[in-house]
Amino acid sequence: MTQLQIGPHTVQPPVVLAPMAGITNAPFRTLCREFSGGKGLFVSEMITTRALVERNEKTMQLIHFDETEKPRSIQLYGVDPDTVGKAVRMIAEEDLADHIDLNFGCPVPKVTRKGGGSALPYKRHLLRSILREAVSNAGGLPVTMKMRKGIDDDHITYLDAGRIAVEEGVTAIALHGRTAAQHYGGTADWDAIARLKEAVPEIPVLGNGDIWSADDALRMVRETGCDGVVVGRGCLGRPWLFGDLVAAFEGTESEGREALPLKGGGGRRVGAQPTLKEVAAVMLRHATLLGEWLGDEARGVIDFRKHVAWYTKGFSIGSELRKKLAIASSLDELDALMSELDLDQPWPAGADGPRGRTSGRNRVVLPDGWLDDPYDRAGVTADAELDTSGG
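A brief look at the structure comes next. (Residues numbered from 1 in each chain as written. Predicted model: local features only at pLDDT ≥ 70, side-chain atom pairs only at ≥ 80, totals over all residues. Heavy atoms only, no water.)

Considering all chains together, one arrives at six aromatic pairs under this definition. Summarising the aromatic geometry, the rings of Trp-240 and Trp-347 are spaced 5.8 Å apart at their centres and angled 85° between planes, so their arrangement reads as edge-to-face. Here Trp-240, found in the loop between strand S12 (228–231) and helix H10 (241–250), pairs with Trp-347, found in the segment after helix H14 (331–339); they are 107 residues apart in sequence, far enough to count as distant. By relative accessible area, Trp-240 is classed as buried at 1%. The buried category is assigned to Trp-347, whose relative accessible area is 9%. Every member of this aromatic cluster is reached through a ring pair, and the members are Phe-35, Trp-240, Phe-304, Tyr-311, Phe-315 and Trp-347. In this arrangement the basic side chain of Arg-148 is found over the ring face of Tyr-184, its NZ or CZ atom lying 5.0 Å from the centre. (Phe/Tyr/Trp six-rings, centres within 6.5 Å; stacked < 30°, edge-to-face > 60°. Helix = DSSP H or I, 4+ residues; strand = E, 2+ residues; numbered from the N terminus. Buried < 20%, exposed > 50% of the residue type's maximum accessible area, 1.4 Å probe, protein only. Lys NZ or Arg CZ within 6 Å of the ring centre and 35° of its normal.)

So, in structure tokens, the structure goes:
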């Protein structure tokens, strides 16, 4: 099994970049696609339907795709069915994307307190209304959804949500094997992914959660029977993971794939475990792309700061130098600081495994009375739509 069908789009191998707020913008997607050889599906960060319909300036920038991105994939967040329908129709009529994913998995308070993200599937009728509006306004574009198991262990929703999705014409479902209360703590429940696949055999099911390596991705498919994988935190500071994933699914060696050019030309090969010199080259490339995308080098480097700790995880770098890297404000400054590193360091064992947020159980912030009745729509109004997108 090496391909995934999402509407008319064949995703081969079946590897998807998870939408991550403030991370999966056009520059990061470019890096991941370069390492994958253009294979896989790379989804935008979360776009709020209200902000899209109102043509918010920041949102319109976030939906910009490089001309090499095919298919173009947008993830939408919305709570109001009418607004979601308008946003989807806008995308279809103005040819803004080739695929639409709906976010029902975000666990952060600013989203769940409005009844959105991972809180929304608890309201079965509301979920159905949103999916119906999205599919009916998509003009033939495939509509998929990403969700979690439920709000908490006492309010599990994924099986009901899966059946509703099938009935309303959703093309594929991605399941993160955690509840909203777990955030990113503990271990993802891959058994839930297997149960969902059994419950909705009509459409592809993708698994998400605790994929830190290509071996993890293959093991998830083997153990759950899912049709593909969605990779989020595992690629933070490691866009080359997508090269490993492609090689693993295609049964080829990842060693020997082309690296991004190092400063001064020449370049060399990046394997699954790049040296610090190779990592530094990717870091500089990432920061450069961000500056070009934002139209301001300094803004690009500042936006890149959050990536520094992920890229340098496990490498031996003094605390003072690490701090300077994280507050650099120009490409020249970033480059100069990286030249002070011991660039011959091999990939450290400490860089493997979990990355990014690992917070444990938390109280899920919900609208008042949200859990009183899973079928009413109390507490959800048009003004529950967020007016900004992304991070």
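So, on to the nonpolar core. Residues Leu-76 and Met-145 are the most contacted members of the largest nonpolar core, which totals 109 residues. With near-sequence residues (within four places) excluded, Leu-76 lies in contact with Ile-47, Thr-49, Leu-52, Ala-87, Val-88, Ile-91, Ile-100, Asp-101, Leu-102 and Asn-103. (Core = buried A, V, L, I, M, F, W, Y, C linked by side-chain atoms within 4.5 Å. Contact = heavy atoms within 4.5 Å.)

Relative to the assigned elements, Val-282 resides in helix H11 (residues 276–294). According to the relative accessible area criterion, Val-282 is buried, its value standing at 3%. Residues Val-282 and Trp-240, spaced 42 residues apart in sequence, show a C-alpha to C-alpha distance of 9.3 Å.

Below, the discussion takes up the pairing of strand S6 (residues 99–104). Within S6, six of the six residues are buried, which leaves it mostly tucked inside the rest of the structure. Here S6 shows no split at all, with His-99, Asp-101 and Asn-103 on one side and Ile-100, Leu-102 and Phe-104 on the other all buried. In the sheet, strand S5 (residues 73–77) pairs with S6 via four bridges, with the strands oriented parallel. Paired with Ser-73 across the bridge in S6 is His-99. Handedness of the S5-helix H4 (residues 81–93)-S6 crossover: right-handed. By the bridge criterion, five bridges tie S6 to strand S7 (residues 143–148) in an arrangement that is parallel. (Pairing = 2+ DSSP bridges. Right-handed = clockwise from strand over helix to strand, strands pointing away.)

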